[in-house]
Structures are given as structure tokens and as C-alpha cells.
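Reading the structure
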Amino acid sequence: MRENRQSINVAKEEFSSKEDLMTQRDTAIRENEKLIKINQVLMRRVELGWGNHSDAYQSFENAALLADRVRERTLKLNQTLGRLQAANLEISKAQEESEQSRQRLADAVESIFDALVLFDDRRQMVLANSRFYELWSHTDARFELGKTSLSDIVNYTFSKGVFKAEVGYDGKAMWADHSFGNGVFLLPDNRWIQTSERHTADGGLVLIFTDITALKNSEAVEREKALEEQARVLESTINNMSQGVALVDADCELLVWNQRFLEISKLPAESVKSGIDFNQLMLASEVYAGAELLPINAPQGRQQSMLEHEKTLDNGDVIVIKRHLIPGGGFVNTYTDITDRSRQKEALIESEKRMRLITDTVPAGISYINSDLDYEFANLQFARWFDRSREQIEGKSMSVVMGDEMFAQHREYVNQALTGETVEFEIEDSSPSQKNLISQKIYVPHYGHDDEVVGFFALEQNVTQQRRTERALKSAYQNLEDRVYQRTRQITDINNQLRDEIRERRQIESRLIEAKSEAEEANISKIKFLAATSHDLLQPMNAASLFASALLEKNLPEDTRGLVQSLSYSLENIESLISALVDISKLDAGVVEAEMGSFNVSELLDNLAKEFNQQTDDTTLDMRYVASTLFVETDSQLLARILRNFLSNALRYTEQGKVLLGCRRRKTGLEIQVLDTGPGIAKSERREIFHEFQRGKSANINDDKGLGLGLAIVDKISRILDHPIDIKSIPGKGSCFSVLVPYAIQQPGIDNKNDAKENSAAVFQVMAPTHVIVIDNDESICEAMEILLSGWGCSVHSIHTNQQIDSLLTRGTDPEPDLIIADYHLGNDLTGLDVINQYNHGASVKVPILMITANYTSELRQQVRESGYHIINKPVKPLKLKLAMNHLLRRD
């Protein structure tokens, strides 16, 4: 199409240029004819002038002048004729070229596939191709070039009904305008033609008729496919709608429905068919609504476009039925289940009732004003303030409810609230029943979903009485200030006297503080002295005890054995007293610290049971023990001292009967108990016995040499360990002392039961020949240890001088020892731990080490244990020593 139009344009341009040349030729011919006529007239005048005038010279002169002019004109005429001939030649060529151009134009127009006709500026047909004539071949139309006009073609076409305009094109308007315009038309043979008009540069018109039948057929196919797709989508949409839908035609026959319609109507699927009478069908459904449907959304005087009805079913479901009327007849019914919405609406109504009930009980006025300054809510107190009903307030503007004057006073605060600012103010107000009231008001803005202020809440309270009371109080306060001033002067004088007394009391207090500080320093010095001298005090007692124990191992006469036992008993009492004094001093000085660890409680209780069982062998007491294998988290040394004090007191105060050592499981820990059948403790004495130098009443109190420090030590140790101590007692029947120890997780790979059995058996075994080295700077201690250990079947080598220590370190002693017992304090800043570490350094086989010391600090105990050694505190009990030795030798 585009190429055809370009060819037409080129042909039209060539045709125009040829017409211009022909016009120039005609103009030149007319000019030439005009010059010939002028020449003839001049010649005639010359001839007439010579015959009529006597002045020959003048005539000659004029004739000569005229001859010159004639020659000039003749020359010009010859030139013009020459140009005219050239122009004629060019015109001839132009005519030939024009004929060629006309032919090319005709060929180009003929080669165009579309029907084409060319009109001049007068809309006369000047050119057309054969396809144009074919459009009217089935009619009697006779269109001729140069005679037929555009209006003739238009009138014939529309008057005979040759073309039928497509929907969207106004054929009558085209007929009236004598133009086809750009339109689409249907021919009688069902072909489609599209017309298009193009104006030429010289005012002409090109009219093109294009056959678009194939395109229209393709569009029809695509349109049918689109309609089918739309129908499919519509059907899918209807089936997936949450609403029930039923389409009914003008004859009230059902055409289309969805699954939701069947679910809501509860109609059997087999009874619902296309073409069935809709009203007759719905009579069987609970959701049938005939005359109940009410018109909505239609102005008066117009046909109703939609009907609506809300129906509540027997099961409580609420269904909204809407009927949309179709202009051509029929309707569409939609069924919407609004049960949840209806219940929410009822809940909101109920919530609003409760809210109103709550706000009506509030003594303050509460209201809500929207952005249009209309009241939307008012509680009972607010309505009473204005002496109106709620209906007279809600929906009315603030200016109407308040009045113009009062509203003008509030306008500034209202504007602040509408800009998002919380406003709190007091204003002098009035109501219909009262004047000169003072109101305290708070405006709180309310924001919508787009964070814009859509209104504000107003809280209003009558504070007139409070403000009047404040004024009265202020006046009373002013009077009171005057009275206070007078009283203040009197009190000032009294204060001056009190200051003098306070000054004197401060001086006395300062002297008392100094005296107390001196006493505390003296007490601390005493405590430090006892703690520091514990080693020196216990050394001789330890030696004497060892000597007495060694004597008891000998076969002595009965009278001598009695004396030795009495001596041993006295030494034990002295050791107990000194140990108690040292313990209480160290506890008061704060040098004892807990070293927490996990262990099987049987490791401690088994040894204590065996130790105290031996003490009851020669008495009438029955010492019993209930073992336990639970693991606890505590300091084993400090716990042992607590239990030893419990057991010592039980044995001391129980003359006959039983003493029981055992454990009970509690939720928070293991309760270790010591029970006895002694005299018991009165309730009034139970707190006192834990104080220093306080003792309970005993049957053999005259023979008891205790100081009353045992339970005081227990109390202080329990505080360090944070283990609760408990006492239960019935006077005349007995007592129960207990300590609660926290549980610990059992360590894997430790068979404590086997160790306990081994230790228990080891106590009664006679030691095999064992070589033991004893290191102590006190020669008497070494001698006593030799005698005691020799009695147990050991070979003992004592070292108490520096030369002997040096010989030991150089391996100058033979044979190698099986066990080394070393004192920690060797004097001259030398410790047994240093000596042992040097001795074992580089040795292929480490010798078992038993360290003996009067130092109870946790740091030393930890240091010895990290070195892999065993430690015993002074004074040394022979039984504890034998247990420790058997344990180390058997482990080795």
C-alpha cells in the first residue's frame, strides 16, 4: 500500500510540471500575437502621417525615429519568437513526457491492489483503476472520467445500499457530507471494504478502497476465541466465588448457577437443571425470597435496578439475597453468607452498649468530635452538663451544642487537637443550670489509617470545688505561715540549746568509738596471736599424744596401762581444748576459707564411723551407722569438723543408749544427722548452746573438761559453707543435730564403695614390713613417731636436721622408702613441701607422701593436693594416721 501511494505521488508531481510548461507556451503565443498587432498599427500610422502633413522633414525625422523603434521592436520580436520556438519545442517535449507520466501514473494506479480513484480540486473524477470499477460491477452504475463527481458516487452508493456502514460509523452523516471519509463498509457479497481519503497538494483528492475481508474474518475468529475464553473465565470465577450466584432469564428460567448456590440453598444437585422454573425450584429451599425482596439504590420515579433481602435460617445462619435486574429482562441473584459479619455486628452493638454503660458511670464528661467538629459520641455525664439528651448532642456541631460564644473560647484548643497535639487546659464554663463553673478539659487527637487526625476525644471534669478549696487552702496557708514564723523563732532558740547538747554527745561518742576501736584492735591481736602460735602450741601436744599412743601399743601391766590411758585421755582433752581455741580464733580472724568440691559422702562418713566406733568399744554405748553413696558439693574438711563436733557431743552427753550417724534425702540437699538418746536440750537453751563458752546440761558434767566451743565452731563453719544447721530435741529422750549439704553430680569412674571397704578393712590389718621416712624439725616428734610406727611393724628412719635433709635429697639413705611422712613447717623458711618436691623431682617412681601441718588454710590444702600428696592436720590421731598410711600404701 505504501509503495502504491509513493508511485501515485511521483506521477502526480510529473503531471503538474508538464501542465506548467503548457501554460508558459500559451502565454508566449499570446504575447507574440500582441506584438504583431502593435507593429501593424505603427506601420499604418506612419503611412497616414506622411500623407496628411506638409512638414516633410519633420515627417522624415519621425519616420526615421519610428523606423528605429520598429527595428528595436522587430529585434525584440525576433528574440521573443526565438524564445517562443524554444518554448514550443520544450512544450512538445513536455507534452510527450506528460503523456508518458500520465501513462506511468495510469500504470501505477492500475498496479495498485486496492481500488483507487483520483479527483481534481472540483471533485471531478480524473483517474481510476479497474478495481474501482469492479466494486460496482454488480450494479448498473456508470462512472466516467471528467463527468462523474465524488458526490455522484456517494449518493449512488448510499441510495442504492451498495455499502453498509459498520457499527461505529455513521453512514447517514457520510451521505450528507458527500464523503466516504475513513470508514469500514460491508458489501452485498459479504466482503469488507475500508475507505481512506488523502488530499493532494493542488487541492485534489485520492480515494482508496481496501479489501479487509481476510482481516475481518481473522478478527472474528479471534473475537470468538476471546469470547470463549471470557466465558470460561467467567464460569471459573462464578464457581470460585464465595457467594452463591444464579442467572435467570426473562422467562424466569434458570440458566447459570455455581456450587456455592447449591451449598447455601441446600438444593439437591440433581434437581437443579438449566431451563427449570426458578421460582418453582426455590420453593423447596429455605432461602427462597419472593415478595420479600425490597428495592434499594434507586431514586424515586426510576425503575429499581437491585432488590435486597436479609434472611435468617433455622440454624442461625444469616443470608443476604440480592437481585440485580438485567435491562433486557431477567435477573441475577446472589446469596451471601454474612453469619460471621452479623455476629460481629451484634458483638459490636453489645460492646457499644457495655462501653456506654461504663462511660456513663464515669463522673467526668466524655465525648468524641470528628474532623467536621460534629459530636459522634457523648456519655450520660456530658449530656447532663448541657441539660440535653444524647440525641440532641450526637450528630450536632460543637457551635450548636456549646453556643457561639463558648465555642469561640474553645476554638484555639480545638485547632491544636486537630493538628495532632494533646491539649490540657482549664476554662471558666457554664451550663444551663449553673454559672461560673471551672472545667478541666483534655483533648486527645484520634488518628486514622493514613496517620491523619480524623477527630479527637474530649474528657471534661468539673473542678470548681477543688479550685475553691485550693484558694481556701492558700489563704489558710498564708495565715499559717505567719504563725509558723512566730513558732520558728521559738524553735530556733530551742535548736541552739539542742546543738550544744549534740556537740557534747558527739564528743562522748567520739571517745567511745576510740575505746571500741582499741578493744577491737586488741581482740584482733589476740586472734592473730592464737592463729599464728597454733603450730607452736600443738607441736609438744602432738609429740606427747604420739608417745602415749606408742605406750598403749606395748604390752603393759594393768596398773601401768591405766595410768597411760589416763595420760592419753588428759592429753586428748588438752588437744581438744587447744584445737577448739585455735579453731575459734582462726574462724574469727577470717583465715579459714571453704574449698568446695564434689565427693561421695561415704568417703567421709565411713571414716568417721570407724573412728568413733573405736571410742565406744570400752563403753556401754551402741554406735550405729547407716551408710550413703550420694555425692555432695562442699568442703570435706570443714564438713568433717562439723560432724566430729556433733559426734563428740553425742558421746560426751550420752551415758548409755545409742548414737546413730546417718543421712536423709531432702529436696534441697542431703541432711546428715547425728541422733543420740542423751538427756536432751530444753527449747530455751537451743539457741544459747551455739554461743561461745556455752554448754548444755550433762549427766557427767563434773567430769567433762570441755569449754563449750564445739557448737560455736559448728555455727561459724556452717556460715562459711552456707549449710543450714538444725537441732531437734526432746528433754529426757535425746537430740538430733543435722547439717543440710547440697547434692553434686557423681563423678564417673570412681568406685567409692570399694575404697570405703578397703579403708575399713585396712584399719584392722597389721602393716606389712614397710620402710617409712619421718621428716620433722622437732626431735621429740620424730622419736614419738618412730616408737608408734615401729609398734605397727614399720621400719622408720627419722630426719630432723638440715644435714639429714641434704643426705635425703642426694639419695644418701638406703633403702628407698615406701612412704614419707613430712611436717610442713621445718623452720628457717624451709617447708616439707619444698623438700618432698626436690626429692621426687626426676624420680622414675614417685614415693607416696603424707603431709602433717597445723596450718588449716585452704590455699595450703589446695597446693598439697595439686602436688598429688595427702594432708593431715595436727594434732595427729593415731587412728587417722593409720587410715591415711594404709590408704596411701594400698593405693600405691
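Relevant structure appears above.
**Focus on the packing of helix H16 (residues 601-615) against helix H17 (residues 636-653)**
Running from amino to carboxyl end, H16 crosses H17 at an angle of 30°, the nearest separation of the two axes being 11 Å. Our classification of the angle between H16 and H17 gives roughly parallel. Pair H16 / H17 crosses with right-handed handedness. Contact with H16, carried on its side by Leu604, Leu605, Leu608, Glu611, Phe612 and Gln615, involves Ser636, Leu639, Ala640, Leu643, Arg644, Leu647, Ser648 and Leu651 of H17 and no other residues of that element. A breakdown of the residues in the contact of H16 with H17 according to their chemical character gives nine nonpolar, three polar and two charged.

**Some details on the side chain of Ser149**
Following the sequence through the fold, Ser149 ends up in the loop between helix H3 (130-135) and helix H4 (150-160). A polar atom in the side chain of Ser149 sits 3.0 Å from the side chain of Asp152. Discounting residues that sit within four places of it in the chain, Ser149 has contacts with Phe119, Arg123 and Gln124.

**Here we look at the nonpolar core**
Residues Leu643, Phe646 and Ile672 are the most contacted members of the largest nonpolar core, which totals 37 residues. Counting only elements with at least two residues in this core, the list comes to H16, strand S19 (621-625), H17, strand S21 (657-665), strand S22 (670-676), helix H18 (710-721) and strand S24 (734-741). Considering each element in turn, this core owes the most residues, nine residues, to H17. Apart from residues no more than four positions distant in its own chain, Phe646 is found in contact with Val674, Leu711, Val714, Ile725, Phe737, Ser738 and Val739. Counting 24 residues, the second-largest nonpolar core is a separate cluster that includes Ala141, Ile153, Phe158 and Val162.

**Here we look at the packing of H17 against H18**
In the contact formed by H17 and H18, the axes pass within 9 Å of each other and the chain directions differ by 150°. The angle between H17 and H18 places the two elements in the roughly antiparallel class. Seen along the crossing, H17 lies across H18 with a hand that is left-handed. Here Leu638, Leu639, Arg641, Ile642, Asn645, Phe646 and Asn649 of H17 come into contact with H18, specifically with Gly710, Leu711, Ile713, Val714, Ile717, Ser718, Ile720 and Leu721. Of the residues that constitute the contact of H17 with H18, the class distribution is ten nonpolar, four polar and one charged.

**Looking at the environment of Ile193**
Relative to the helices and strands, Ile193 is located in strand S5 (residues 192-199). Sequence-wise, Ile193 and Lys164 are 29 residues apart; in three dimensions their C-alpha atoms are separated by 9.8 Å. Sequence-distant contacts of Ile193, that is, excluding residues within four places in its chain, are made with Leu135, Gly183, Val184, Phe185, Leu187, Phe209, Thr210, Asp211 and Ile212.

**Regarding the pattern of salt bridges**
According to the stated counting rule, one finds 13 salt bridges in the structure shown. Put simply, Lys147 and Glu144 hold a salt bridge, and the shortest N to O gap is 3.4 Å. When its relative accessible area of 61% is taken as the criterion, Lys147 is described as exposed. Residues joined by salt bridges that share partners form a network here, namely Arg260, Glu263 and Asp337.

**Quick look at the sheet that holds strand S27 (residues 819-823)**
With respect to topology, five strands assemble into an open sheet ordered S26-S25-S27-S28-S29, the strand pairing being parallel. The open sheet is flanked by strand S26 (794-799) and strand S29 (870-873), the only strands paired with a single partner. For this sheet, the mean angle separating the axes of adjacent strands, direction not counted, is 20°. Two elements, S27 and strand S28 (residues 849-853), share four bridges in a ladder whose sense is parallel. Residue pairing in the sheet places Ile820 in a bridge with Ile849 of S28. Here helix H21 (residues 802-809) sits on the sheet and contacts strand S25 (770-775) and S26; the angle it forms with S26, its principal contact strand, is near 120°.

**Some points on the packing of aromatic side chains**
Using the criterion set out here, one finds twelve aromatic pairs in the structure. Ring geometry for Tyr375 against Phe382: centres 5.4 Å apart, planes inclined by 50°, an arrangement best described as tilted. The class of Tyr375 is buried, set by a relative accessible area of 1%. Taken together, a centroid distance of 4.9 Å and an interplanar angle of 45° make the contact between Tyr443 and Phe456 tilted. Here the residue Tyr443 occupies a position in strand S16 (residues 437-447), and Phe456 occupies one in strand S17 (residues 453-462), the gap between them amounting to 13 residues. Phe456 matches Tyr443 in its accessibility class, with the two residues each being buried.

**So, the pairing of strand S7 (residues 244-248)**
Counting buried residues along S7, four of its five residues qualify, which places the element largely inside the surrounding structure. Bridging between S7 and strand S12 (residues 331-337) involves five bridges; their strand directions are antiparallel. By the bridge assignment for S12, Val245 is matched with Thr334. In the sheet, S7 pairs with strand S8 (residues 254-257) via three bridges, with the strands oriented antiparallel.

**Description of unusual backbone geometry**
Phi is positive for Cys252, close to 60°, though the residue is something other than glycine. Among the structural elements, Cys252 can be located in the loop between S7 and S8. Judged by relative accessible area, which is 17%, Cys252 ranks as buried. You will see that Asp722, though not glycine, has its phi angle at about 60°, which is positive.

**Overview of the side chain of Glu197**
Structurally, the position occupied by Glu197 is in strand S5. In this structure Glu197 is buried but unpaired, with Arg123 as the nearest side chain of opposite charge at 7.1 Å. For Glu197, the residues in contact, after removing those within four places along its chain, are Ser179, Phe180, Gly181, Asn182, Leu205, Val206 and Leu207.

**Points about the sheet that holds S21**
Here five strands make up an open sheet; going across it, the order is S19-S21-S22-S24-S23 and the pairing mixed. Only two strands of the sheet have a single neighbouring strand rather than two, namely S19 and strand S23 (725-730). Between one strand axis and the next, the sheet turns by 15° as a mean value, whatever way the strands run. Here seven bridges tie S21 to S22, and the two strands are oriented antiparallel to one another. Bridge assignment links Val659 to a residue of S22, and that residue is Asp676.

How each quantity is defined
Residues numbered from 1 in each chain as written. Predicted model: local features only at pLDDT ≥ 70, side-chain atom pairs only at ≥ 80, totals over all residues. Heavy atoms only, no water. Axes fitted to C-alpha atoms, helices over the stretch in contact; angles between N-to-C directions. Helix = DSSP H or I, 4+ residues; strand = E, 2+ residues; numbered from the N terminus. Parallel < 35°, antiparallel > 145°, perpendicular 65-115°, else oblique. Left-handed = near helix turned anticlockwise from the far one by under 90°. Contact = heavy atoms within 4.5 Å. Nonpolar A, V, L, I, M, F, W, Y, C, P; charged D, E, K, R; others polar. Polar contact = N/O pair within 3.5 Å; in protein donor to acceptor, adjacent residues only side chain to side chain. Core = buried A, V, L, I, M, F, W, Y, C linked by side-chain atoms within 4.5 Å. Buried < 20%, exposed > 50% of the residue type's maximum accessible area, 1.4 Å probe, protein only. Salt bridge = Lys/Arg side-chain N within 4 Å of Asp/Glu carboxyl O. Pairing = 2+ DSSP bridges. Phe/Tyr/Trp six-rings, centres within 6.5 Å; stacked < 30°, edge-to-face > 60°. Lys, Arg positive; Asp, Glu negative; His and termini not counted.

This is a description of form; function is not addressed.
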